[in-house]
Each structure stands twice: as structure tokens, then as C-alpha cells.
Amino acid sequence: MKTFQMKFMALDDPEGLICSDEPTFLLRAQDTCAPFAVRSWAQRLDQIGGDKRLVHAAMAFANEMEAWPDKKMPEHSPAEIPPPVDLDLDKEPKPEPPPADPDKEPKPDPPVDP
């Protein structure tokens with residue numbers, strides 16, 4: 001599993017459910033940003049028609065994270081931060097264009113006799 005580890009060890013995955021190169025990101029309750037991130041994830045899941053039970057469970061989990069008494073900003077050293085990725089976070093990802101339908105493709109005009 002590919003992790004943005006910083007100070008922490010890789011997540012424990014005894015059943016091997018996470019691919020070794022799958023990116024993962026761990027949020028802790030002490031992280032001041034964690035409840036917001038979990039709520040955002042739950043809201044997005046709800047928007048795309050995800051299981052309402054999972055949406056409610058994530059929101060409840062975010063509430064538990066917010067109630068955690070010891071809060072702090074995430075810590076890191078400059079060497080632990082990966083290089084920046086060029087992302088435009090203000091834009092929604094563009095959907096993939098549908099595959100071309102050969103029956104709907106414009107046909108070339110037949111040659112004109114002079």
C-alpha cells in the first residue's frame with residue numbers, strides 16, 4: 001500500500017485488502033482538519049448516491065473526531081512532504097468522453113463529378 005506516511009508507519013492490512021501501490025491517507029482525531037475532511041467525504045458520497053448508512057456513520061465518526069480533546073496542527077519535517085502535484089482544486093474533474101459511435105460519426109461527402 002502506498003501511503004503518505006510522514007512520521008507514521010504504513011497502515012496494518014493483515015487481510016491484504018489494500019493493493020501495495022494504492023494511495024492511502026490516514027486522518028487522526030487530533031488533526032484539526034480531520035472532521036472537516038471526513039464530513040466532506042460523507043457529503044460527496046451522499047451526492048453521488050452512496051449508501052445512506054455509510055454517510056450517517058461517517059458523519060457520526062466526524063462528530064467523534066471533533067469531540068476529541070487533544071487537537072493540534074499536523075506536524076511534518078520538510079523532507080517528509082512529497083513534491084507538489086499540479087492540481088486545480090477549484091474545478092471538478094472532467095468526465096471522460098464517451099466512446100465514439102461509428103453509426104453516429106459524420107460520413108464524408110461523396111465526391112462530386114465535375
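Just so it is clear, the model here is predicted, and its values are computed rather than measured.

Asks: Can you tell me about the environment of Arg53, naming the residues and giving the values?
Replies: Its location among the elements puts Arg53 in helix α2 (residues 52-67). Since its relative accessible area comes to 66%, Arg53 is described here as exposed. There is a polar contact of 2.7 Å between the side chain of Arg53 and the side chain of Asp51.

Asks: Explain the nonpolar core to me, and be specific about the residues and the numbers.
Replies: Counting residues in each nonpolar core, the largest one holds nine residues, listed as Ala29, Ala34, Val38, Ala42, Leu45, Val55, Ala58, Ala62 and Met65. For this core, the secondary-structure elements that each account for two or more residues are α1 (34-47) and α2. Apart from residues lying up to four places away in sequence, Ala29 is in contact with Met65, Trp68 and Lys71.

Asks: Any details on the confidence of the model for the protein? Residues and values, ideally.
Replies: When pLDDT is averaged across the protein, the result is 78; 64% of the residues are at 70 or more. Strand β1 (residues 2-3) is the least confidently modelled element of the protein, averaging 42 in pLDDT, while α1 averages 96, the highest of any element. For residues 1-8, every residue scores under 50 in pLDDT, and the model assigns this stretch 28 contacts once sequence neighbours within four places are set aside.

Conventions adopted
- Residues numbered from 1 in each chain as written.
- Predicted model: local features only at pLDDT ≥ 70, side-chain atom pairs only at ≥ 80, totals over all residues.
- Heavy atoms only, no water.
- Helix = DSSP H or I, 4+ residues; strand = E, 2+ residues; numbered from the N terminus.
- Buried < 20%, exposed > 50% of the residue type's maximum accessible area, 1.4 Å probe, protein only.
- Polar contact = N/O pair within 3.5 Å; in protein donor to acceptor, adjacent residues only side chain to side chain.
- Core = buried A, V, L, I, M, F, W, Y, C linked by side-chain atoms within 4.5 Å.
- Contact = heavy atoms within 4.5 Å.
- pLDDT = per-residue confidence, 0-100.

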